[in-house]
Amino acid sequence: MNAEQRTENTFIEINAVQGRVPLNLHEIWQYRELVFFFLWRDLKGRYRQMALGPLWIFVGPVVNMLLFTLIFGKLANLGPKGVPYPLFNFTALLVWGLFAGTAQSTASSLLDARFLISKVYFPRLVMPLVGILTSIFNFLVSFVILAIMMVHYRCLPGLEVVFLPVYLLLAVVCGLAVGLWWAAWIVHYRDLQMVLDYLLKAWMYACPVVYASSLIPEQWRSLYYINPLANVVDGVRWCLLGMNAPPWRMVGLGFLVAIPMLILGAYHFRRTERNIVDVA
Amino acid sequence: MSSPVITVDNLGKSYRIGRLQQKPQTMHDAMKRMVAAPFAYLADRLRDPTESEILWALRNVSFEVQQGEVLGIIGRNGAGKSTLLKILSRITDPTEGKARIRGRVNSLLEVGTGFHPELSGRENIFMNAAIYGLRRSEIEKKFDEIVAFAEMEKFIDTPVKRYSSGMYTRLAFGVAAHLEPDILLVDEVLAVGDAEFRKKSLNKMQGVAREGRTVFLVSHNMDAVLSLCNRALLLSGGRLIADAEPQDVVGKYLEVGGAGAADVMASSQAKPGQKLKLTHIRVVNGEGQCRAELDKRSGLIIEIEFDVLAPGRGYVVNCQLHSLQQGCVFTTSSWDTEVEHHAARLWSVGRYRASVKLPADILRGGEYYVKVTSAIPAVEILDIMEEELRFTIMDTMGPLGQHREGRQGVIVPVLPWSILPDEA
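Participant: I'm lost on the overall build of chain B in this one. Help?
Facilitator: Of the regular secondary structure elements, chain B holds 11 helices and 21 strands. Taking all 424 residues of chain B together, 48% fall into the buried category. Long-range contacts, defined as pairs at least 24 residues apart, comprise 72% of the intrachain contacts of chain B with a sequence gap of at least 6.

Participant: What's the story with the sheet that holds strand β1 (residues 6-16) of chain B in this structure? I'm lost.
Facilitator: Sheet strands pair via backbone hydrogen bonds, and the direction of the pair is either parallel or antiparallel. Pairing is antiparallel across the open sheet formed by 4 strands, whose spatial order is β1(A)-β4(B)-β1(B)-β2(B). At either margin of the open sheet sits one strand with a lone partner, and together these are β1 (11-15) of chain A together with β2 (54-65) of chain B. With direction set aside, neighbouring strand axes in the sheet form an average angle of 20°. Direction of pairing for β1(B) relative to β2(B): antiparallel, over a ladder of 8 bridges. When the sheet's bridge partners are listed, B:T7 is paired in β2(B) with B:E64. Its contacts with the sheet put helix α3 (residues 81-88) of chain B on β1 of chain A together with β1, β2 and β4 (96-102) of chain B, and the angle it makes with β1(B) is roughly 115°.

Participant: How should the pairing of β1(B) be read in this particular structure?
Facilitator: Regular strands place side chains that alternate from one sheet face to the opposite one. Two strands pair when backbone bridges link them, and β1(B) and β4(B) are joined in this way by 5 bridges, in the antiparallel orientation. Paired with B:D9 across the two strands is B:K98, which belongs to β4(B).

Participant: Teacher, can you tell me more about the packing of aromatic side chains here?
Facilitator: The description of two aromatic rings rests on the distance between their centres and on the angle between their planes. Applying the stated criterion across every chain, the model contains 23 aromatic pairs over all chains. Taken together, a centroid distance of 6.3 Å and an interplanar angle of 35° make the contact between B:F149 and B:F173 tilted. In this pair, B:F149 sits in helix α5 (residues 136-150) while B:F173 sits in helix α6 (residues 165-177), placing the two residues 24 residues apart along the sequence. Overall, B:F149 belongs to the partly exposed group, its relative accessible area being 22%. Grouping aromatic residues by their ring pairs yields a cluster made of A:F37, A:W40, B:F126 and B:F143. For B:K13, the ring lying beneath its charged end belongs to B:Y15, and the centroid distance is 5.2 Å. For B:R90, the ring lying beneath its charged end belongs to A:Y121, and the centroid distance is 3.7 Å.

Participant: How should I be thinking about the side chain of A:T91 in this particular structure?
Facilitator: All names here are of chain A. For T91, the location among the structural elements is in helix α5 (residues 85-112). Within polar-contact distance, the side chain of T91 engages the backbone oxygen of L87 at 2.5 Å. Setting aside residues no more than four positions away along its own chain, T91 makes contact with L146, V236, R237, L240 and L241.

Participant: Would you mind showing me how to read the confidence of the model for chain A here?
Facilitator: Caution is warranted with low-pLDDT regions, since their predicted coordinates should not be read in detail. All names here are of chain A. Counting all residues, the mean pLDDT for chain A is 83, and 93% of those residues have values of 70 or more. Within chain A, helix α1 (residues 3-6) has the poorest average pLDDT of any element, 38, and helix α9 (residues 192-205) the best, 92. The low-confidence segment residues 1-8, where pLDDT is below 50, has 21 contacts with residues more than four positions distant or belonging to other chains.

Participant: Can you walk me through empty space enclosed by the protein in this structure?
Facilitator: Unfilled space is identified by rolling a water-sized probe across the atoms. Counted according to the given criterion, the structure contains 7 cavities of 30 Å³ or more. Along its surface, the largest cavity is lined by 17 residues, and A:Y31, A:Y121, B:R90, B:V105 and B:N106 are the ones closest to its centre. Elements with a contribution of two residues or more to the lining of the largest cavity: β1 of chain A together with β5 (105-108) of chain B. The element best represented in the lining of the largest cavity is β5(B), accounting for 3 residues. The residue makeup of the lining of the largest cavity, split by class, is 11 nonpolar, 4 polar and 2 charged.

Participant: Help me understand helix α4 (residues 56-75) of chain A, please; the structure alone is not making it clear to me.
Facilitator: Structural remark: α-helix, 3.6 residues per turn; residues separated by three or four positions point the same way. Residues and elements named next belong to chain A. If you check α4, its first and last C-alpha atoms are 28 Å apart, about what 20 residues at 1.5 Å a residue would give, namely 28 Å. Remark: the principal bend of α4, roughly 35°, maps to T69. Taken residue by residue, α4 has I57, F58, P61, M65, F68, T69 and G73 as its buried positions. One or two residues past the end of α4 sits N77, with phi positive at roughly 55°.

Participant: How do you make sense of the packing of helix α4 (residues 121-131) of chain B against α6(B) when you look at a structure like this?
Facilitator: The description of two packed helices rests on the angle between their axes and on the distance between the axes. Residues and elements named next belong to chain B. Direction vectors running N to C along α4 and α6 enclose 40°, while the axes themselves pass 10 Å from each other. Here α4 is positioned oblique relative to α6, judged by the angle of their axes. Crossing of α4 against α6: the hand is right-handed. Here α4 contributes G121, I125, N128 and A129 to the contact with α6, which in turn contributes L171, A172 and V175.

Participant: What should I look at first to understand the sheet that holds strand β9 (residues 239-244) of chain B in this one?
Facilitator: Residues and elements named next belong to chain B. Strand order in this open sheet of 6 strands is β5-β6-β7-β3-β8-β9, and the pairing throughout is mixed. Every interior strand has two partners, whereas the edge strands, β5 and β9, have only one. With strand direction ignored, the average angle separating the axes of adjacent strands in the sheet is 15°.

Participant: Just to check I follow, could you spell out the interface of chain A and chain B for this structure?
Facilitator: When the parts of a complex come together, some accessible area is lost, and that lost area is often used as the size of the interface. Contacts between the two partners involve 40 residues from chain A, matched on the other side by 50 residues from chain B. For A:E27, the salt bridge identified is with B:R90, shortest N-O distance 3.5 Å. Linking chain A with chain B are 2 residue pairs in polar contact (both at pLDDT 80 or more), by the criterion used here. Taken together, the elements giving at least two residues each to the side of chain A that touches chain B come down to α1, β1, α2 (25-30), α3 (32-47), α6 (114-117) and α13 (276-279) of chain A. Within the side of chain A that touches chain B, the residues separate by chemical class into 17 nonpolar, 10 polar and 13 charged. Inspection of the sheet shows β1(A) paired to β4(B) by 5 bridges, in the antiparallel sense. Considered in β4(B), the bridge of A:E13 is made with B:R100.

Participant: Can you help me understand unusual backbone geometry in this one?
Facilitator: Backbone geometry follows two general trends: most residues other than glycine have a negative phi, and most peptide bonds adopt the trans configuration. Although it is not a glycine, A:R154 sits at a positive phi angle of roughly 55°. Along the chain, A:R154 turns up in the loop between α7 (126-152) and α8 (164-186). With a phi close to 55°, B:E151 is a non-glycine residue in the positive phi region.

Participant: How should I be thinking about a nonpolar patch on the surface in this particular structure?
Facilitator: Residue and element names in this part refer to chain A. A cluster of nonpolar side chains, contributed by W220, L223, I226, L253, L256, V257 and M261, occupies part of the molecular surface with about 710 Å² of accessible area. Breaking the nonpolar patch down by element, the ones donating at least two residues are α10 (218-224) and α12 (248-273). When residues of the nonpolar patch are assigned to their parent elements, the largest contribution, 4 residues, is made by α12. Within the element layout of this structure, L223 appears in helix α10. Accessibility expressed as a relative area gives 53% for L223, which makes it exposed.

Participant: Teacher, can you tell me more about the nonpolar core here?
Facilitator: Across soluble globular proteins, nonpolar side chains show a tendency to be buried alongside one another. Judged by nonpolar contacts, the single largest core of 172 residues is most densely connected at A:F38, A:F122 and B:F216. Top contributing element to this core by residue count: α5(A), with 16 residues. Apart from the residues within four sequence positions on either side, A:F122 is in contact with A:Y31, A:L34, A:F38, A:L116, A:I117 and A:M127. Listed in part, the 29 residues of the second largest apolar core include B:I304, B:C319, B:V372 and B:I393.

About the cut-offs
Residues numbered from 1 in each chain as written. Chains lettered and ligands numbered in written order. Predicted model: local features only at pLDDT ≥ 70, side-chain atom pairs only at ≥ 80, totals over all residues. Heavy atoms only, no water. Helix = DSSP H or I, 4+ residues; strand = E, 2+ residues; numbered from the N terminus. Buried < 20%, exposed > 50% of the residue type's maximum accessible area, 1.4 Å probe, protein only. Contact = heavy atoms within 4.5 Å. Pairing = 2+ DSSP bridges. Axes fitted to C-alpha atoms, helices over the stretch in contact; angles between N-to-C directions. Phe/Tyr/Trp six-rings, centres within 6.5 Å; stacked < 30°, edge-to-face > 60°. Lys NZ or Arg CZ within 6 Å of the ring centre and 35° of its normal. Polar contact = N/O pair within 3.5 Å; in protein donor to acceptor, adjacent residues only side chain to side chain. pLDDT = per-residue confidence, 0-100. 1 Å grid on protein atoms, 1.4 Å probe; cavity = no way out; pocket = protein on both sides within 12 Å on 5 of 7 lines; lining within 4 Å. Points joined across faces, edges and corners; volume = space filled by probe spheres on them. Nonpolar A, V, L, I, M, F, W, Y, C, P; charged D, E, K, R; others polar. Expected span 1.5 Å × (residues − 1). Bend = angle between axes of the 7 residues up to and from the residue. Parallel < 35°, antiparallel > 145°, perpendicular 65-115°, else oblique. Left-handed = near helix turned anticlockwise from the far one by under 90°. Salt bridge = Lys/Arg side-chain N within 4 Å of Asp/Glu carboxyl O. Patch = residues over 30% accessible without salt bridge, like charges linked within 9 Å, V, L, I, M, F, W, Y side chains within 5 Å. Areas by Shrake-Rupley, 256 points an atom, 1.4 Å probe, with all protein chains shown as cover. Core = buried A, V, L, I, M, F, W, Y, C linked by side-chain atoms within 4.5 Å.

Structure, rendered in structure tokens:
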């Protein structure tokens with residue numbers, strides 16, 4: 001509720017939770033300024049009193065990239081022909097970070113905000129939204145490093161780059177779908193947080209992040225691409241580095257699965273959000 | 001009269017509480033229990049709760065609130081007051097029933113919600129106000145007022161983690177005081193902070209009430225409820241048992257709370273380590289009889305029995321008299337009589353009886369309640385007696401009675417006057 005609505009005769013109805021609870025997306029729109037306040041508060045608070053401050057955002061992916069280059073690139077030689085391993089790997093790490101970051105920050109958003117939630121009302125879906133925006137922000141910052149690397153390796157993207165948002169969107173939608181379902185359950189069973197961490201670690205290896213998908217034998221490749229994130233990683237590499245594109249129908253399948261999961265996840269989240277105060 | 005701003009219809013909330021553990025009877029049981037222990041949480045969550053595990057914090061509560069009412073909610077701890085407030089604030093869901101609210105709502109369940117220690121006072125004001133639903137432009141307009149109210153002009157740009165607790169509370173309350181909701185829900189926020197802050201809070205509440213906003217106040221402070229509210233609700237065991245004028249409801253609260261008689265005993269046991277336990281209070285009239293109704297023309301004596309459980313010095317018993325109609329009349333202390341000997345007196349373990357005599361012909365007719373506490377002044381509180389003594393002073397009119405009752409004043413003493421011609 002805000003000042004603009006004071007003059008209208010709007011009612012708030014409070015009912016016992018039964019059946020489908022409406023998403024109330026228009027309410028989130030009303031609270032949009034709050035989303036930015038939370039984002040600003042998180043970012044500012046996190047990087048105060050740190051020597052390197054926000055530089056830490058991409059130190060993680062860079063260190064990973066160096067390690068993977070050494071082990072998987074040089075020693076095991078799992079990289080593709082024709083593309084320098086560091087670039088190959090870092091591109092994937094970035095988009096993987098977008099997905100995993102979205103999933104993890106969404107999943108823990110409710111639990112982390114429990115003290116706030118127990119004292120004041122705002123639409124709880126605001127918290128996952130802040131999580132996504134934080135991940136996107138991290139992605140954009142690291143993208144600067146990627147751009148620098150691309151210039152260094154003289155690997156400039158062709159026209160395919162216009163499809164980049166499609167893959168990024170799929171990554172975010174998947175991350176959100178996973179995160180929303182997890183968020184509702186984490187409040188009841190805290191160990192699910194660790195389960196998610198391990199799941200994401202394993203999932204990364206099921207995607208062509210450290211190795212090229214050409215390593216997967218032909219007959220298994222269709223099965224391999226059922227994993228929507230494999231499509232995302234290869235798709236982003238196609239857009240930026242000109243490597244082989246993943247089959248379009250698999251990308252379509254990815255959206256077909258992820259979007260309903262997301263919508264159902266959002267409804268499930270709404271169903272549980274008010275009773276979280278009683279459990280957490 | 002327009003439609004009500006708050007309508008509550010058969011609201012109920014149940015919680016699931018843990019099952020009472022029984023000691024394992026046999027070795028077999030103990031082993032089973034130990035093996036199953038890691039999964040006990042999951043197993044408990046998966047099955048439906050049994051009767052004994054369901055606690056109804058609120059049941060069948062229905063009422064309506066009109067625009068501009070200042071409503072006080074009172075009741076013992078655990079009666080369901082905070083639960084009701086949480087449901088109306090949309091922080092938790094009801095289990096049954098429904099509620100309808102018209103207008104902009106702000107809930108003050110604590111001060112400083114959302115404050116981040118690393119951010120400065122200025123940043124936190126924006127943060128806090130945004131959480132309460134204010135737009136950035138609105139916050140900017142009120143910013144200077146808030147800072148002035150909190151008296152924080154000099155420190156507004158330092159990180160909040162450097163603030164003293166007083167500064168923190170002032171800032172937080174500064175934001176809370178400048179929200180302008182149609183309906184304000186307040187939960188004993190008045191209870192935190194020092195005396196001056198409480199006074200400021202109370203004044204602000206009065207200001208809000210005078211502006212015609214609807215206020216919903218949950219409080220243990222009977223004086224606040226009596227002075228601020230024009231209507232009160234009494235909750236007990238999750239049910240609404242009274243809905244009337246504050247005076248009547250507070251009266252009923254004291255009655256229901258078990259402080260019914262002119263002779264009350266403490267119901268709780270002494271805690272381990274407690275040095276002094278108040279056990280019994282009683283009021284006695286001029287003839288030495290214990291009565292709930294007293295004639296104001298005779299003096300009355302309040303008798304307090306207590307047990308000293310650990311020897312010590314400086315123990316003091318305090319007695320506070322409240323009038324249901326007029327608030328706190330006075331506070332008196334055993335310290336007042338024996339000041340010189342007070343510090344030196346060594347209390348030995350044993351049972352004691354204190355009595356304090358009120359002079360005759362001083363109290364106005366009406367209902368009173370007495371609260372007794374014990375402390376070592378400025379050092380520690382020894383005991384607070386939950387049960388309150390209650391008695392009525394009857395409106396007995398002596399020859400000058402009618403004239404005196406009409407006078408203003410919390411008390412109506414008969415004082416000696418002397419008038420003599422002035423020798424020039």
